[in-house]
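Coordinates in review
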Amino acid sequence: MKLTNIDHIGIAVSNLGESLAFWQEMLGIELHGIEEVVDQGVRTAFLPISETEIELLEPMSGQSTVAGFIEKHGEGLHHIAIRVDDIEAALQELKARGVRLIDEVPRRGAGGTRIAFVHPKATHGVLLELCERSGTAGE
Ligand code: ZN
């Protein structure tokens, strides 16, 4: 599999507006966009820093896994996403190596991406997202 870069770092937050105030006003990072990812029950905000983005994740309801995460751990680092050029190939390779996956088939992520999560038990404690972006910038 080919890993190209750290695509983004996901941070679970209780309140997107309050969190954005820090990242935008204190650090001066420009907001790339806000999107609802219904599949995961979250509102996401993307803040690009060069090749990588900060992804803020706010649960839309108590049913969201991100709501469960905040309840258990508090706000904070939720996942690291590595960009791959072929997500199916990456998943096949990991499966063949016996790596524990949360998603065996890719699902839809924010910004038109295709994503899949690797179980934190396999990575020694970090939720790892594989992320494939098709061709053109960000879409
Ligand atoms: Zn992500």
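Calculation criteria
Residues numbered from 1 in each chain as written. Predicted model: local features only at pLDDT ≥ 70, side-chain atom pairs only at ≥ 80, totals over all residues. Heavy atoms only, no water. Salt bridge = Lys/Arg side-chain N within 4 Å of Asp/Glu carboxyl O. Helix = DSSP H or I, 4+ residues; strand = E, 2+ residues; numbered from the N terminus. Buried < 20%, exposed > 50% of the residue type's maximum accessible area, 1.4 Å probe, protein only. 1 Å grid on protein atoms, 1.4 Å probe; cavity = no way out; pocket = protein on both sides within 12 Å on 5 of 7 lines; lining within 4 Å. Points joined across faces, edges and corners; volume = space filled by probe spheres on them. Nonpolar A, V, L, I, M, F, W, Y, C, P; charged D, E, K, R; others polar. Donors = N, O, S within 2.8 Å, 3.2 Å for Na, K, Ca; no water. Tetrahedral: all angles 85-135°; square planar, octahedral: opposite > 155°, others 65-115°. Lys, Arg positive; Asp, Glu negative; His and termini not counted. Phe/Tyr/Trp six-rings, centres within 6.5 Å; stacked < 30°, edge-to-face > 60°. Pairing = 2+ DSSP bridges.

Re the pattern of salt bridges
As enumerated under the stated definition, the model contains 11 salt bridges in all. A salt bridge links Asp39 to Arg107; its shortest N-O distance comes to 3.9 Å. Here Arg107 lies in strand 6 (residues 107–108) and Asp39 lies in the loop between strand 2 (33–37) and strand 3 (42–49), a separation of 68 residues in the sequence. Classification of Asp39 as exposed rests on a relative accessible area of 53%. Arg107 sits in the partly exposed class, given a relative accessible area of 24%. Across the pair Arg97 and Glu93 runs a salt bridge, and its minimum N-O distance is 2.9 Å.

Focus on empty space enclosed by the protein
If you walk through the whole model with that rule in mind, you get 1 cavity of 30 Å³ or more. Roughly 90 Å³ of volume is contained in the largest cavity. Lining the largest cavity we find 16 residues, and of these Gln40, Glu55, Ala110, Ile115 and Glu129 sit closest to its centre. When contributions to the lining of the largest cavity are tallied by element, the ones reaching two or more residues are strand 3, strand 4 (52–59) and strand 7 (114–118). With 3 residues, strand 3 is the single largest residue contributor to the lining of the largest cavity. Here the lining of the largest cavity is composed, by residue class, of 7 nonpolar, 6 polar and 3 charged.

Focus on the coordination of the zinc ion
At the metal site, the zinc ion is ligated by His8 (NE2), Glu55 (OE), His79 (NE2) and Glu129 (OE), and these contacts range over 2.0 to 2.3 Å. Seen from the zinc ion, its 4 donor atoms lie at angles of 83 to 164°, and the figure they make is irregular. Mapping the donors of the zinc ion onto the primary sequence yields the spacing H-x46-E-x23-H-x49-E. A residue pair is termed long-range when its members are at least 10 positions apart, and His8 in strand 1 (residues 3–12) and Glu129 in strand 8 (residues 128–132) qualify at 121 residues. Judged by relative accessible area, which is 3%, Glu129 ranks as buried.

Quick word on the side chain of Glu55
Position of Glu55 among the secondary structure elements: in strand 4. One buried charged residue, Glu55, remains without a salt bridge, the closest side chain of opposite sign being Arg133 at 7.5 Å.

Description of the packing of aromatic side chains
Here the structure, examined in full by the defined rule, presents 1 aromatic pair. On the numbers, 5.3 Å between centres and 80° between planes, the contact of Phe22 with Trp23 is edge-to-face. On the basis of relative accessibility, which here comes to 41%, the residue Phe22 falls in the partly exposed class. Looking at Trp23, the relative accessible area reads 16%, which means it is buried.

Some details on the pairing of strand 7
Across the 5 residues of strand 7, 4 count as buried, placing the element largely inside the fold. Bridge count for strand 6 against strand 7 is 2 bridges, and the pairing is antiparallel. If you follow Arg107 over to strand 7, its bridge partner there is Ile115. Counted along the chain from strand 6 to the antiparallel partner strand 7, the turn is 5 residues long, and its residue Gly111 has a positive phi close to 65°.

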